[in-house]
Amino acid sequence: MNFHTSSYTSMAKLLHWLTAVLWLGSWFIGIAATHWREELNAHHELTFIHKAIASTILLLTALRVFWVITHPAPPLPSSMRPLAKRLAHLGHMAIYLIALIALPVSGWYWSSVADKPIMIAGLFQLPPLVAPAEHLYGLAKAIHTYTSWLCGMLISGHVILALKHHYVDRDGVLKRMLPGRS
């Protein structure tokens, strides 16, 4: 298989970019909702949107995991060293586990502890993970907050490395995930 012509499936690309847009939107909305609460989120409308998007990401992630299992990714370029390939694999695993699963679940936990509902895509309510527990509110908030900042670093690293592959290595790694490429 010629690396430069191998590409992700159209569905993999759609799921990747849809998840990316939703994740970034949810992340920035979450920051705005908490850091500018009085100015932008006095009635929790941003919080509602943030939770609706984040819960939708959980569903998309389940679909993405199924898709990855049934449609493996194209191989990385042979020009990459084995350690770099291993780190790329571990980085993608970290994004799935931490940014796409742990972060939304930690928000779900925080909302459950606070006895606040979460609507998936604004359509139906997720059941609480745990019973309301006021004494766990601070811990739940800290877990979600610190996980979100870790995820911001993970996603930033992912973007930077994709751009490095495109502009420095010129190895086609980014191009094969771009829409309209085959």
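Above this text is the structure in question.
Criteria and cut-off values
Residues numbered from 1 in each chain as written. Predicted model: local features only at pLDDT ≥ 70, side-chain atom pairs only at ≥ 80, totals over all residues. Heavy atoms only, no water. Helix = DSSP H or I, 4+ residues; strand = E, 2+ residues; numbered from the N terminus. Buried < 20%, exposed > 50% of the residue type's maximum accessible area, 1.4 Å probe, protein only. Areas by Shrake-Rupley, 256 points an atom, 1.4 Å probe, with all protein chains shown as cover. Lys, Arg positive; Asp, Glu negative; His and termini not counted. Charge placed at Lys NZ, Arg CZ, Asp CG, Glu CD. Core = buried A, V, L, I, M, F, W, Y, C linked by side-chain atoms within 4.5 Å. Contact = heavy atoms within 4.5 Å. Axes fitted to C-alpha atoms, helices over the stretch in contact; angles between N-to-C directions. Left-handed = near helix turned anticlockwise from the far one by under 90°. Nonpolar A, V, L, I, M, F, W, Y, C, P; charged D, E, K, R; others polar. Parallel < 35°, antiparallel > 145°, perpendicular 65-115°, else oblique. Salt bridge = Lys/Arg side-chain N within 4 Å of Asp/Glu carboxyl O.

A word on the overall build of the chain
Counting its regular elements, the chain contains five helices and two strands. Walking the chain from its N terminus toward its C terminus, one meets helices and strands in the order α-α-α-α-β-β-α. Looking at the chain as a whole, 36% of its 182 residues are labelled buried. By element, 70% of the accessible surface of the chain is carried by carbon and sulfur atoms, the whole surface being about 11300 Å². Here the chain holds 14 positive side-chain charges and 7 negative ones, and the gap between their average locations is 19 Å.

Let's talk about the nonpolar core
Grouped together as the largest cluster of nonpolar side chains are 12 residues: Trp 23, Trp 27, Ile 31, Ile 53, Ile 57, Ile 95, Tyr 96, Ala 99, Leu 100, Leu 103, Cys 151 and Ile 155. At the level of secondary structure, the elements contributing two or more residues to this core comprise helix H1 (10-35), helix H3 (45-70), helix H4 (82-113) and helix H5 (137-169). The element contributing the most residues to this core is H4, with five residues. Apart from the residues lying within four places of it in its own chain, the contact partners of Cys 151 are Trp 23, Ile 98, Ala 99 and Leu 103. Of all hydrophobic cores here, the second largest spans five residues; its members include Leu 58, Ile 118, Ile 120 and Leu 126.

Quick look at the packing of H3 against H4
Relative orientation of the contacting elements H3 and H4 amounts to 145 degrees, with a least axis distance of 10 Å. The interaxial crossing formed by H3 with H4 has left-handed handedness. Residues Lys 51, Ala 54, Ile 57, Leu 58, Thr 61, Arg 64, Val 65 and Val 68 of H3 touch H4, and the partners they reach there are Tyr 96, Leu 100, Ile 101, Pro 104, Val 105, Trp 108 and Ser 111. Its residues assigned to classes, the contact of H3 with H4 shows 11 nonpolar, two polar and two charged.

Observations concerning the packing of H1 against H3
At a minimum axis distance of 9 Å, the contact between H1 and H3 shows a crossing angle of 155 degrees. With respect to each other, H1 and H3 are oriented roughly antiparallel. Like other packed secondary-structure pairs, H1 and H3 cross with a definite hand, here left-handed. Residues belonging to the contact of H1 with H3 are distributed by class as follows: 17 nonpolar, seven polar and one charged.

A short note on the pattern of salt bridges
Under the counting rule described, the total for this entry stands at one salt bridge. Here Lys 164 makes a salt bridge to Asp 169, at a shortest N to O gap of 2.6 Å. By relative accessible area, Asp 169 is classed as partly exposed at 32%.

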